[in-house]
Amino acid sequence: MKLSVPGRAAGVVVAAVTLLTTGAITGAAPAPTAAAAAPDIPVANVKSHLAQLQSIATANGGNRAHGRTGYKASIDYVKAKLDAAGFTTTLQQFTSSGRTGYNLIADWPGGDANQVVMAGSHLDSVTAGPGINDNGSGSAAILETALAVSRAQYQPTKHLRFAWWGAEELGMVGSKYYVNNLSSANRAKISDYLNFDMIGSPNPGYFVYDDDPTIEKTFKDYFAGVGIATEPETEGDGRSDHSPFKNVGIPVGGLFSGADYIKTAAQATKWGGTSGQAFDRCYHASCDTASNIDDTALNRNADALAYAVWTLSS
Ligand code: TRP
Ligand code: ZN
């Protein structure tokens, strides 16, 4: 759903050590149009991806964890949508704890290959539950943003790349594997890495990673434009998939709506919700189901995500 704001630009690359690539890297796209405005991301579409991820978990022993059938089914769902929309997708396989894991990388054809703007989310859950807020929420929102890029036939100046990481819950295994397998030349081409891990928390806060100043400002501009207060997220350092990127000097940023920490009275005053209660009472629990989502937070964060992708790549 729409809220609205102003803009700026960024870049992508090519993964090493990949298994399967679908689609043509050189696929032509429509002629560039001047500085297109970011679209409103339909939250109903994001919710429908979450309903699919919930169904996948339910059909696969209740989770979508690394090495389990529910994880591979989640990857297959996301990949099919991207392939149909014209992305060049790559499955990157790795092994962790004796089980096979996968990252899914989706490149939008076109843009400056020396300037890549990347958005990523981990797609695995913990074994305890279906992982709908953690992290179906980020996964579904970046998927719908990628589909919006295709619907708009957006032709940014920079190259766009989306990523769904495996085995984050085992210690950011998939994202570390991806970064470790990039050549230093390809690392240098990534201008921005944007991370989305838990963006529909049921008792939400609006946290913007306090990291690269330009990326942070882009998100803050969006929220200021729609009248939502934000707070800096600093606790996340080392707790999600932006860390491997940050550790090799790539500018990072992202959004977060809160996990097991308790919402204060001051936070409840500015954001609503319940003070004295966790942002997500179902964090890493079996109750992190399709009903463990605040639709307003999911909507605002998905729109902010699309705004940042458009603005940083334009
Ligand atoms: N994936 C993280 C985890 O399972 C979730 C998380 C907790 C997080 N705190 C965070 C993500 C802060 C970003 C920022 O622990
Ligand atoms: Zn997570």
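Residues numbered from 1 in each chain as written. Chains lettered and ligands numbered in written order. Predicted model: local features only at pLDDT ≥ 70, side-chain atom pairs only at ≥ 80, totals over all residues. Heavy atoms only, no water.

As recorded by an unreviewed UniProt entry, the protein chain carries the name Aminopeptidase and is attributed to Streptomyces olivochromogenes. Under the UniProt heading Cofactor (unreviewed entry), the entry covering the protein chain gives this text: "Zn(2+)". Turning to the protein chain, the UniProt annotation filed under Subunit (unreviewed entry) states: "Monomer." (UniProt positions renumbered as here; feature names shortened; annotations may be inferred.)

> Any chance you could explain the environment of Met 198 here in plain terms?
As for its position among the elements, Met 198 is in the loop between β6 (190-196) and β7 (207-209). The class for Met 198 is buried, based on a relative accessible area of 3%. Not counting the four nearest positions on each side in its chain, Met 198 is found in contact with Asn 133, Asp 134, Asn 135, Ser 137, Phe 256, Ser 257, Gly 258, Ala 259, Asp 280 and Tyr 283. (Helix = DSSP H or I, 4+ residues; strand = E, 2+ residues; numbered from the N terminus. Buried < 20%, exposed > 50% of the residue type's maximum accessible area, 1.4 Å probe, protein only. Contact = heavy atoms within 4.5 Å.)

> Please clarify how unusual backbone geometry should be interpreted in this entry.
For the bond running from Asp 134 to Asn 135, omega is 0°, close enough to zero to count as cis. Residue placement: Asn 135 occurs in helix α3 (residues 132-152). One non-glycine residue, His 284, adopts positive backbone phi at about 60°. For His 284, the position within the fold is in the loop between α8 (265-271) and α9 (295-313). Judged by relative accessible area, which is 30%, His 284 ranks as partly exposed.

> Where do I start with the nonpolar core in this structure?
Across soluble globular proteins, you tend to see nonpolar side chains buried next to one another. Ranked by size, the top nonpolar core spans 66 residues in total, and within it Leu 82, Phe 87, Phe 162, Trp 164, Leu 194, Phe 196 and Phe 219 carry the most contacts. With 11 residues, α9 is the single largest residue contributor to this core. Setting aside anything within four residues of it in sequence, one finds Leu 82 in contact with Phe 87, Thr 89, Leu 104, Ala 106, Leu 143, Ala 146 and Trp 164. Core analysis: the second largest hydrophobic core is formed by 12 residues, Ile 105, Tyr 178, Val 179 and Tyr 193 among them. (Core = buried A, V, L, I, M, F, W, Y, C linked by side-chain atoms within 4.5 Å.)

> Could you clarify how one ought to interpret the site of ligand 1 in this entry?
The environment of ligand 1 is made up of 16 residues, and the closest members are Glu 168, Asp 197, Arg 239, Tyr 283 and His 284. Interatomic distance of 2.9 Å between a side-chain N/O atom of Glu 168 and a nitrogen atom of ligand 1. One of the side-chain nitrogen or oxygen atoms of Asp 197 is found 2.6 Å away from a nitrogen atom of ligand 1. Of the residues belonging to the shell around ligand 1, the class tally is five nonpolar, four polar and seven charged. (Near = heavy atom within 4 Å. Polar contact = N/O pair within 3.5 Å; in protein donor to acceptor, adjacent residues only side chain to side chain. Nonpolar A, V, L, I, M, F, W, Y, C, P; charged D, E, K, R; others polar.)

> Any chance you could explain α3 here in plain terms?
Residues lying three or four places apart along an α-helix face the same way, a consequence of the helix completing one turn every 3.6 residues. Taken across its 21 residues, α3 has 19 buried, putting it largely inside the fold. Just downstream of α3 lies Gln 153, where phi reads positive at about 50°.

> Which parts of the structure should I look at to understand the coordination of the zinc ion (ligand 2)?
Think of it this way: four donors in a tetrahedron around the metal ideally sit 109.5 degrees apart, and six in an octahedron ideally sit 90 or 180 degrees apart. The zinc ion (ligand 2) binds to the protein through His 122 (NE2), Asp 134 (OD) and Asp 197 (OD), with metal-donor distances spanning 2.0 to 2.4 Å. Considering all four donor atoms around the zinc ion (ligand 2), the spread of angles at the metal, 87 to 145°, places the coordination shape in the irregular class. Each donor residue of the zinc ion (ligand 2) lies on the same chain, and together they follow the pattern H-x11-D-x62-D. In this pair, Asp 134 is assigned in helix α3 and Asp 197 in the loop between β6 and β7, connecting sequence segments 63 residues apart. Judged on exposure class, the residue Asp 134 and its partner Asp 197 are both buried. (Donors = N, O, S within 2.8 Å, 3.2 Å for Na, K, Ca; no water. Tetrahedral: all angles 85-135°; square planar, octahedral: opposite > 155°, others 65-115°.)

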